[in-house]
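One letter stands for each residue in the lines below.
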Amino acid sequence: MRAFLKNKYFVFLFKLLIIVAAFYFIYDRLARNEQLDWEKFSQLVDRKKSFFGILFILLFSVANRFLEILKWQNLVSFIKPNTIGEATKQVLGALTAGIFTPNGLGEYAGKAMYFNKKQTKKIIFLNLICNGIQMILTILFGILGLAIIGYWKWSIVTLTVAFLLYILFFFSKKITIKGYSIEKLLNKIKEIPKHIHQKNMVYGLFRYLVFSHQYYFLFLAFDVDLPYLSLISTIAVVYFLASSLPSFQFLDFAVKGSVALFFFGKIGVNEWIVIFISTLMWFLNVVLPVIIGSYYVLKFKPKWN
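The rules behind the values
- Residues numbered from 1 in each chain as written.
- Predicted model: local features only at pLDDT ≥ 70, side-chain atom pairs only at ≥ 80, totals over all residues.
- Heavy atoms only, no water.
- Phe/Tyr/Trp six-rings, centres within 6.5 Å; stacked < 30°, edge-to-face > 60°.
- Helix = DSSP H or I, 4+ residues; strand = E, 2+ residues; numbered from the N terminus.
- Buried < 20%, exposed > 50% of the residue type's maximum accessible area, 1.4 Å probe, protein only.
- Lys NZ or Arg CZ within 6 Å of the ring centre and 35° of its normal.
- Core = buried A, V, L, I, M, F, W, Y, C linked by side-chain atoms within 4.5 Å.
- Contact = heavy atoms within 4.5 Å.
- pLDDT = per-residue confidence, 0-100.
- Axes fitted to C-alpha atoms, helices over the stretch in contact; angles between N-to-C directions.
- Parallel < 35°, antiparallel > 145°, perpendicular 65-115°, else oblique.
- Expected span 1.5 Å × (residues − 1).
- Bend = angle between axes of the 7 residues up to and from the residue.
- Left-handed = near helix turned anticlockwise from the far one by under 90°.
- UniProt positions renumbered as here; feature names shortened; annotations may be inferred.
- Patch = residues over 30% accessible without salt bridge, like charges linked within 9 Å, V, L, I, M, F, W, Y side chains within 5 Å.
- Areas by Shrake-Rupley, 256 points an atom, 1.4 Å probe, with all protein chains shown as cover.
- Salt bridge = Lys/Arg side-chain N within 4 Å of Asp/Glu carboxyl O.

## A look at the packing of aromatic side chains
All chains considered together, the criterion is met by 17 aromatic pairs. Ring centres of Phe60 and Phe217 lie 5.6 Å apart, and the angle between their planes is 45 degrees; this geometry places the pair in the tilted category. On the criterion of sequence distance, the pair formed by Phe60 in helix H4 (residues 51-76) and Phe217 in helix H10 (residues 194-221) is long-range, its members being 157 residues apart. Among the residues examined, Phe60 registers a relative accessible area of 14% and is labelled buried. Their ring planes at 70 degrees and their centres at 5.4 Å tell us that Tyr295 and Tyr296 sit as a pair that is edge-to-face. For Tyr295, a relative accessible area of 48% translates into the label partly exposed. Put simply, the rings of Phe141, Tyr208, Phe211, Tyr215, Phe219, Tyr239 and Phe264 touch in pairs and so form one group of aromatic residues. Just above the ring of Trp72 sits the side chain of Lys111; from NZ or CZ to the centre is 4.2 Å.

This is the structure:
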């Protein structure tokens with residue numbers, strides 16, 4: 001693969017393929033989704049059109065990705081100083097490259113290609129830390145959300161499974177497979193300075209609050225009048241369960257949408273509203289960054305040498 005990356009024609013075709021495929025899948029998901037009632041949507045937008053309202057929702061998407069960029073810049077500082085501009089290029093370029101892979105796994109390789117090949121393992125490890133804190137927060141808020149909306153049994157079962165996994169990891173941490181073990185991983189995590197971990201957690205928390213409240217305000221824009229705690233807890237549950245299912249970035253809205261239909265249906269939210277909001281969240285937080293990331297993919301110059 002690295003030999004091919006030294007060929008400028010192959011690199012150009014490879015980048016072009018990523019971009020064309022990304023835009024095709026985006027178009028396909030939007031144009032062929034029969035569940036989307038565009039007429040109802042246009043009527044609602046026409047009735048409630050507001051420049052400041054649209055700007056307000058868009059700012060959440062900007063904040064969401066900016067916090068992810070700050071997280072990445074913070075973590076990479078463990079290896080070397082990284083500017084906001086470089087971190088932006090790495091995050092958005094990797095997002096575009098990883099749009100076709102299960103659970104965004106392609107992002108790991110995408111980010112690694114911006115660094116020297118000797119740093120590949122460290123970059124993949126740092127990306128694991130970056131995504132790991134987001135998953136932990138999603139699980140914690142999801143379990144809390146399950147309890148608040150009345151799914152106590154699910155909440156207790158999830159906590160029990162989490163506790164059993166912790167016990168399993170504790171007693172198997174010294175087991176080595178091909179030179180790797182949980183103990184080694186924990187030691188690697190401890191090597192990262194505490195202030196970097198603390199910043200990572202703070203950025204992760206703010207990012208979670210940003211995208212969950214973007215979801216919340218979109219429901220308000222669609223005239224969903226439900227108590228704040230009920231709605232935000234259901235959003236937390238949807239994100240938790242949807243994140244637990246394997247999916248591709250370009251199918252993210254479909255996975256979250258199917259989970260959302262069940263839970264929001266339980267609290268009386270209209271089906272078409274749930275589908276549209278899930279699609280809008282996907283468009284605002286995946287499609288728009290991918291469009292920007294396409295520019296960085298085109299400008300990308302491999303550092304694997």
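## Observations regarding the nonpolar core
Considering soluble globular proteins, one finds that nonpolar side chains tend to be buried as a cluster. Formed by 32 residues in total, the largest nonpolar core has its most connected members in Tyr215, Phe219, Ile235, Phe264, Ile273 and Ile277. At the level of elements, H10, helix H11 (228-244), helix H12 (252-266) and helix H13 (271-299) are the ones that each hand at least two residues to this core. Ranked by the residues each element gives to this core, the list is headed by H11, at nine residues. If near-sequence neighbours (up to four positions away) are discounted, Ile235 is found in contact with Ser212, Tyr215, Tyr216, Phe219 and Phe264. By size, the runner-up hydrophobic cluster in this structure holds 20 residues, among which are Trp72, Phe115, Ile129 and Phe300.

## Here we look at the confidence of the model for the protein chain
When pLDDT is averaged along the protein chain, the result is 80; 73% of the residues meet or exceed 70. Segment residues 1-5: pLDDT under 50, and ten contacts once partners within four positions in sequence are set aside and those in other chains are kept.

## Notes on the side chain of Gln214
Within the secondary structure, Gln214 is located in helix H10. For Gln214, a relative accessible area of 0% puts it in the buried group. When neighbours within four sequence positions are excluded, Gln214 is seen to be in contact with Ile57, Phe60, Ser61, Met281, Leu284 and Asn285.

## Section: the packing of helix H5 (residues 84-97) against H13
Where H5 contacts H13, the axes come no closer than 7 Å and their chain directions differ by 110 degrees. Judged by the angle between their axes, H5 and H13 are roughly perpendicular. Within the contact between the two elements, H5 uses Thr88, Lys89, Leu92, Gly93, Leu95 and Thr96 and H13 uses Val286, Pro289, Val290, Ile292, Gly293, Ser294, Tyr296 and Val297.

## Remarks on H13
With 29 residues, H13 should reach 42 Å at 1.5 Å per residue; the first-to-last C-alpha distance of 41 Å fits that figure. Helix geometry: H13 is bent most strongly at Phe283, by close to 35 degrees. With 21 of 29 residues buried, H13 lies mostly within the body of the structure.

## Re the packing of helix H7 (residues 120-148) against H10
As a packed pair, H7 and H10 sit with axes 9 Å apart at the nearest point and diverge in direction by 50 degrees. Judged by the inter-axis angle, H7 sits oblique to H10. Note on packing geometry: the crossing formed by H7 with H10 is right-handed. The residues of H10 that touch H7, namely those facing Ile129, Cys130, Ile133, Gln134, Leu137, Thr138 and Phe141, are His197, Asn200, Met201, Gly204, Leu205, Arg207, Tyr208 and Phe211.

## What to know about the UniProt feature "transmembrane region" (unreviewed entry) in the protein chain
Here, the residues flagged by UniProt with the feature "transmembrane region" (unreviewed entry) are residues 9-27, 50-67, 123-148, 154-171 and 272-298. With 100% helix and 0% strand, residues 154-171 has end C-alpha atoms that lie 26 Å from one another. Across residues 272-298, helical content stands at 100% and strand content at 0%; the span's end C-alpha atoms are separated by 37 Å.

## Here's the deal with a nonpolar patch on the surface
Together, Val157, Val161, Leu165, Leu168 and Phe169 make up a nonpolar patch on the protein surface, roughly 450 Å² of accessible area in all. Within the fold, Leu168 resides in helix H8 (residues 152-172).

## Overview of the pattern of salt bridges
Counted according to the given criterion, the structure contains three salt bridges. Across the pair Glu68 and Lys71 runs a salt bridge, and its minimum N-O distance is 3.5 Å. Of the two residues, Glu68 and Lys71 are both situated in helix H4; the distance of three residues between them amounts to about one turn of the helix. Residue Glu68 is classed as buried on the basis of its relative accessible area, which comes to 4%. By relative accessible area, which is 0% here, Lys71 ends up buried.

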